[in-house]
Each structure stands twice: as C-alpha cells, then as structure tokens.
Amino acid sequence: KNFVAIDFETADQGRDSACAVGLVTVINGKIVKRESHLIKPPRKYFMFSYIHGIEWSHVEDKLTFAGLWPTLKKSLAGADYLVAHNASFDSGVLNACCATARVKAPATPFLCTVKLARRAWNIRPTKLPDVCRHLGLKLNHHDALSDAEACANIVLAAAKDGIAHQGGFGKHLSSLRAP
C-alpha cells in the first residue's frame, strides 16, 4: 500500500489555522518524496509560535491553504491512506482548512501512529518524541516535515516488524483509523 504521512502546525486554536504542513510520500515501502510548505493562515494571530517557531512574518507572503490546495491535492492523490501522529488532530486540521478554502476534503482514510505504536510495541507515553526514541528515529519535533517523516518511518518500522504488511495494516486497519 502507498501512503502519505502528513503533519500540520497551527497558528492558533482554530483547526483552520494551518501555518505549515509536511508531507512524506511512501510508495512500495520506500520514501519517494518529502515536501514542506509554510501556509498563510486566515488570521494574523499566532498563539503557538513558542512551540513551532513560526510567526506571522514567516508566512505573510506565503500562499493561503486555498492557494496551496492544488499542490497538496496532487501530492495526496494516489495514497491508499494518510498517516499522522494523533491523526484526529491532523485530519481535523485538513478538513477545517478545506472547509475554509471551500474545497472538497479528500476521502482518504487516516491511520494513527499513536495507536500503531501502542499496538505494535506497547509504547507509553506515546508522544512522537517517545516513539522516535524507542525506534531510534531522528526527530526535530514540531518541524512539520520532520514530524511527517517520523510518522512514515514508524509505519515502515511496523511493517519491518511484521505488524503491518508492506505499509498496509491488514486486519488492524479499522482499529488504527482516526475517529
């Protein structure tokens, strides 16, 4: 199965406030593409700069989500599923940004690497740095591309350990989906 690992950073508490996105495309068990984009959110207010370091001055001349959507839609096309750590957050951001941009959100299912890490290796706590430490993965936490690549590598590690078959989750698929 082919998938895209995705991670959003947001400016404020609104799910439509994506200010960065990282995407890592995996085809036939290999990372084939990495991309990251800064996004101009719908509001100038940045509440979470202290977490990710992104401020209005970094994004004021960037595309809005609506402007970036054709590029993102192309990157997501062909994915059997999308992967994210705490996938309910990232799927919520994607859906809210699509709604604000008045574009149709992809129907591609999300799979959650928090649930996968708990099932595969019984890791707790299951924050992304904890899982990366357990698996020996590099991480620059809250950098959207680094977070997305970590998620892709968690899925690939599970596949290697026999938890998932070639990146797909087989019988575990339904229990790993985001709500």
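Please refer to the structure higher up on the page.
My aim in this report is to walk through the structure given alongside it, one point at a time. Given the structure is predicted, the values throughout are model-derived calculations rather than measurements.

## Considerations on the pairing of strand β3 (residues 30-38)
In step 1: Relative to β3, strand β2 (residues 18-27) runs antiparallel, the two sharing eight bridges. Across the sheet, residue isoleucine 27 finds its bridge partner in β3, namely lysine 30.
In step 2: Between the antiparallel neighbours β2 and β3 lie two residues, among them asparagine 28 with a positive phi of about 50°.

## Regarding unusual backbone geometry
In step 1: At the junction of arginine 124 and proline 125, the peptide bond is cis and its omega measures out at 0° in the coordinates.
In step 2: Note on placement: proline 125 falls in the loop between α5 (113-121) and α6 (128-135).
In step 3: Even without being a glycine, asparagine 86 presents a positive backbone phi close to 60°.
In step 4: Residue placement: asparagine 86 occurs in the loop between β4 (81-84) and α4 (87-101).
In step 5: Asparagine 86 sits in the partly exposed class, given a relative accessible area of 39%.
In step 6: Look at asparagine 122: it is not a glycine, yet its phi comes out positive at around 55°.

## Things to note about the sheet that holds strand β5 (residues 110-112)
In step 1: On the basis of which strands lie adjacent, the open sheet formed by five strands has the order β3-β2-β1-β4-β5 and mixed pairing. Taken across any chain shown, the strands that pair with only one partner, and hence form the sheet edges, are β3 and β5. For this sheet, the mean angle separating the axes of adjacent strands, direction not counted, is 25°.
In step 2: Against the sheet, α4 contacts β1 (3-10), β2, β4 and β5, and its axis sits at roughly 75° relative to β1.
In step 3: Taken strand by strand, helix α7 (residues 144-160) contacts β1, β2, β3 and β4, and its axis lies near 30° from that of β2.

## A word on the side chain of threonine 126
In step 1: Its location among the elements puts threonine 126 in the loop between α5 and α6.
In step 2: Within the local environment of threonine 126, its side chain forms a polar contact with the side chain of arginine 118, the two groups lying 2.9 Å apart.
In step 3: At a separation of 2.9 Å, a polar atom in the side chain of threonine 126 contacts the main-chain carbonyl oxygen of isoleucine 123.
In step 4: Those residues in contact with threonine 126 that lie beyond four places of it in its chain are His85, Val114, Ala117, Arg118 and Val131.

## So, the environment of tryptophan 121
In step 1: Along the chain, tryptophan 121 turns up in helix α5.
In step 2: Taking the C-alpha atoms as reference points, tryptophan 121 and leucine 76, 45 residues apart in sequence, are found 28 Å from one another.
In step 3: Not counting chain neighbours up to four residues away, the residues in contact with tryptophan 121 comprise Leu116, His134, Leu135, Ile154, Ala157, Ala158 and Asp161.

Here is what the cut-offs are and how they apply
- Residues numbered from 1 in each chain as written.
- Predicted model: local features only at pLDDT ≥ 70, side-chain atom pairs only at ≥ 80, totals over all residues.
- Heavy atoms only, no water.
- Pairing = 2+ DSSP bridges.
- Helix = DSSP H or I, 4+ residues; strand = E, 2+ residues; numbered from the N terminus.
- Buried < 20%, exposed > 50% of the residue type's maximum accessible area, 1.4 Å probe, protein only.
- Axes fitted to C-alpha atoms, helices over the stretch in contact; angles between N-to-C directions.
- Contact = heavy atoms within 4.5 Å.
- Polar contact = N/O pair within 3.5 Å; in protein donor to acceptor, adjacent residues only side chain to side chain.

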